[in-house]
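The primary structure of each chain is shown beneath.
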Amino acid sequence: MKANSYEIVKTYMGRIPYDSDLLEQINSFCIENNIKCGMANIIGAVKQAKIGYYSQYKQSYKTLEGENLTGGLEIVSCTGNISIKDSKSFAHLHIILSNSEGIAFGGHLMPGTIVYAGEFIIQEFKGPDLVRSIDETTKLPLWTL
Ligand code: ZN
């Protein structure tokens, strides 16, 4: 395993606006605040969600949406990292959502997840740039270390 070493330089805590796109908000916040490396943690609720499942067989994302992911869901956990992709800040987030029965669904957070209420904590790290590029084996944009 390869890894870089980082120090936490700043911690942000804030609220995500009603009716906004969760992934877009986190990415915009990172770009506006020049956060190139860090981690994010979000809880709250969404009106609807779009989550991805990466098919290792097809080597592409399948988008999950619709009946199970509409009508209001709790964000049980949404966590991930911030690094650089295509020369700009990029948040890679995974999310677990639960419905009125407490049944959970989860996956890779996609655009189209609309916030009802959201609270975030973002920690900015100082250290070497971590840049994503397409990995030949998995066809995923992975870190180049
Ligand atoms: Zn993912």
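Every value quoted in this text rests on a predicted model; they were computed, and no experiment measured them.

**So, the overall build of the protein chain**
So, point 1. Helix and strand content of the protein chain: 1 helix and 10 strands.
So, point 2. The N-to-C order of helical and strand elements in the protein chain reads β-α-β-β-β-β-β-β-β-β-β.
So, point 3. Against the globule reference of 15 Å for 145 residues, the protein chain gives a C-alpha radius of gyration of 15 Å, in line with a compact fold.
So, point 4. Oriented by its inertia axes, the alpha-carbon framework of the protein chain measures out at about 45 × 40 × 25 Å.
So, point 5. Looking at the protein chain as a whole, 36% of its 145 residues qualify as buried.
So, point 6. Taking the intrachain contacts of the protein chain between residues at least 6 apart in sequence as the baseline, contacts between residues at least 24 apart amount to 70%.
So, point 7. When the accessible surface of the protein chain is split by element, carbon and sulfur atoms take 52% of a total near 8,800 Å².

**Things to note about the side chain of D21**
So, point 1. Turning to its location among the elements, D21 is positioned in the loop between β1 (7–16) and α1 (22–32).
So, point 2. Buried and unpaired, D21 has no salt bridge, with K50 as the nearest side chain of opposite charge at 7.9 Å.
So, point 3. Only 3.2 Å separates the side chain of D21 from the backbone nitrogen of L23, close enough to count as a polar contact.

**Quick look at the coordination of the zinc ion**
So, point 1. For the zinc ion, the protein coordination sphere consists of H92 (NE2), H94 (NE2) and H108 (ND1), at 2.0 to 2.1 Å.
So, point 2. Look at where the donors of the zinc ion fall in the sequence and you get H-x1-H-x13-H. Note that H92 is positioned in strand β6 (residues 88–98) and H108 in strand β7 (residues 104–109), a separation of 16 residues in sequence.

Thresholds, definitions, all that
Position labels on residues start from 1 in each chain and follow its written sequence. Totals for whole chains, interfaces and linings use all residues, but because this is a predicted model, local features are given only for residues with pLDDT of at least 70 and pairs of side-chain atoms are given and counted only at 80 or more. Excluding hydrogens and water, the side-chain values take into account all heavy atoms of the structure. Secondary structure elements follow DSSP: runs of H or I of four or more residues count as helices, runs of E of two or more count as strands, with numbering from the N terminus. Two things to know: the radius of gyration comes from C-alpha atoms, and the globule rule equals 2.2 Å times the number of residues to the power 0.38. In this scheme, a residue with accessible area under 20% of its type's maximum is buried, one over 50% is exposed, and one in between is partly exposed, where area comes from a 1.4 Å probe on protein chains only. By definition in these notes, contact holds between two residues if any of their heavy atoms fall within 4.5 Å. Each accessible area is a Shrake-Rupley estimate made with a 1.4 Å probe; only the visible protein chains count as cover when residues are assessed. In summary, the charge assignment counts Lys and Arg as positive and Asp and Glu as negative, without counting His or the chain termini. Salt bridges are counted wherever a side-chain nitrogen of Lys or Arg sits within 4 Å of a carboxyl oxygen of Asp or Glu. By the criterion applied in these results, polar contacts are pairs of N or O atoms within 3.5 Å in which, for protein atoms, one can donate a hydrogen and the other can accept it, and in which residues neighboring in sequence qualify only through two side-chain atoms. Only nitrogen, oxygen and sulfur atoms within 2.8 Å of the metal, or 3.2 Å for Na, K and Ca, are treated as donors, and water is left out, so sites may look incomplete.

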